Every structure is written in structure tokens, then in C-alpha cells.
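Each chain is listed here by its residues.
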Amino acid sequence: MNTFTEFLHTFLGIGTEPRNLTFMQVSVRGIIVFIATLIMMRLGSKRSLAEKTAFDAVFVVIIGSMLARAINGSEAFFPTLGTGFVLVLLHRLFGVAAYYSHFFGFLIKGEPVVLVQDGRLQRRNMLWGHISKHDLEEDMRLEAKTDDLSKIQIARLERSGDISFIKANGVKQQATQ
């Protein structure tokens, strides 16, 4: 074995069965993956960490699951890290494509759904969005600062999964902190 290969084997446990990895090897793997993940996130977009859409949430889950395998040794270390960088670039590319193409954005992010129109519940949309009347009322109290449905001009289930409210004319909305 050459010196570099010995170094990789000793400090990272490259070529070692996962159950035979030492605490030090898993720790060094964890440190490297942590630093690589920080670099990946800087190369990617800040919005992916906010998990604003299913598109972003799926990305975060896949990256986390995949990089955990690099740490615990269940997958090859360097190919797994490399694949993480590829997925970050793919996520960024899809985000740019969604910016330029409304159709592509709709495909990967969805579209907002009206839940309340002029104070009336849109029950079919609520059913489709899996939003109960109680869910809507809770968000109405927390976000719109009202429990009176007639004061809501429109409420939408946004692509992020949040519910937004626009109050009817003449109703002032308090600023939220």
C-alpha cells in the first residue's frame, strides 16, 4: 500500500466494513462530511434549507440520508460525497429552470390553492389540500389575527404549505413580529 492509501484506511476506514469502523474513523468521516455539507449548502441556494416547497424538502431529506451513509460507512465515502455535490448542482439547476419556466416551476413546486374566497370556504380545495376547517381556523387566528371567516377576502394554501390570508377591504391587519 502506498502512503495515501494507508492514510485513507487509517483515518477514514476506507475499505473497512462498517461494523469495524472505529470511533475515530467515524468521527473524522463526520467532520469531513460536515465541512463538505457546509460547502454544498453555500454552492446551493439558501432557500433549500428553508424547505419552502416539497421540491426543497425532498432535496434536504435525500442529501441528509445519503451523507449519513458516508459517515457510517454503509456506502463508499468519496463517491457519496461527490454525488452530494451533483445533487446540489441539480437542485440549483432545477431552481433556475423554474425561475425561467412557469410550466417547469409548476411541475416541481405546484401552485397555490384557494381555500377561502370572499369569506366562504372552498371545501373541495380544502379536501384536496388536506386542510381541515380546524387547521384553517388555527392559521386564521395565528396569522390573520381573527377568528371571523367573513373578514377574509381570500386565503390560499401556498406552494410552501403555508396558508396566506388577505383580509377583506376595511379590515386592518395587525403587523406580525
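Residues numbered from 1 in each chain as written. Predicted model: local features only at pLDDT ≥ 70, side-chain atom pairs only at ≥ 80, totals over all residues. Heavy atoms only, no water.

### Focus on the nonpolar core
Judged by nonpolar contacts, the single largest core of 14 residues is most densely connected at Val33, Met40, Ile63, Leu67, Phe77, Leu81 and Val88. Of all the secondary structure elements, the ones that give two or more residues to this core are α1 (3–12), α2 (23–43), α4 (54–72) and α5 (77–100). Sort the elements by how many residues they give to this core and α4 lands first, with five residues. Apart from the residues lying within four places of it in its own chain, the contact partners of valine 88 are Met40, Met41, Leu43, Gly44, Phe59 and Ile63. The next biggest cluster of nonpolar side chains, apart from the first, holds 13 residues, and it includes Leu121, Ala144, Ile152 and Phe165. (Core = buried A, V, L, I, M, F, W, Y, C linked by side-chain atoms within 4.5 Å. Buried < 20%, exposed > 50% of the residue type's maximum accessible area, 1.4 Å probe, protein only. Helix = DSSP H or I, 4+ residues; strand = E, 2+ residues; numbered from the N terminus. Contact = heavy atoms within 4.5 Å.)

### Structural notes on the environment of leucine 87
Along the chain, leucine 87 turns up in helix α5. Given a relative accessible area of 22%, leucine 87 falls into the partly exposed group. Considering only alpha carbons, one finds leucine 87 and valine 116, 29 residues apart in sequence, at a separation of 38 Å. Those residues within four positions of leucine 87 in sequence are excluded, and the remaining contacts are Phe59, Ile62, Ile63 and Met66.

### A few points about a nonpolar patch on the surface
Taken together, Ile31, Phe34, Ile35, Leu38, Ile39 and Leu43 make up a surface patch of nonpolar side chains, about 580 Å² in accessible area. Within the secondary structure, leucine 43 is located in helix α2. (Patch = residues over 30% accessible without salt bridge, like charges linked within 9 Å, V, L, I, M, F, W, Y side chains within 5 Å. Areas by Shrake-Rupley, 256 points an atom, 1.4 Å probe, with all protein chains shown as cover. Salt bridge = Lys/Arg side-chain N within 4 Å of Asp/Glu carboxyl O.)

### Details of the environment of methionine 140
Structurally, methionine 140 can be placed in helix α8 (residues 133–144). Residue classification places methionine 140 among the buried positions, given a relative accessible area of 2%. Residues methionine 140 and methionine 41, spaced 99 residues apart in sequence, show a C-alpha to C-alpha distance of 34 Å. Residues in contact with methionine 140, not counting those within four places in the same chain, are Lys145, Thr146, Asp147, Asp148, Leu149, Ile152 and Phe165.

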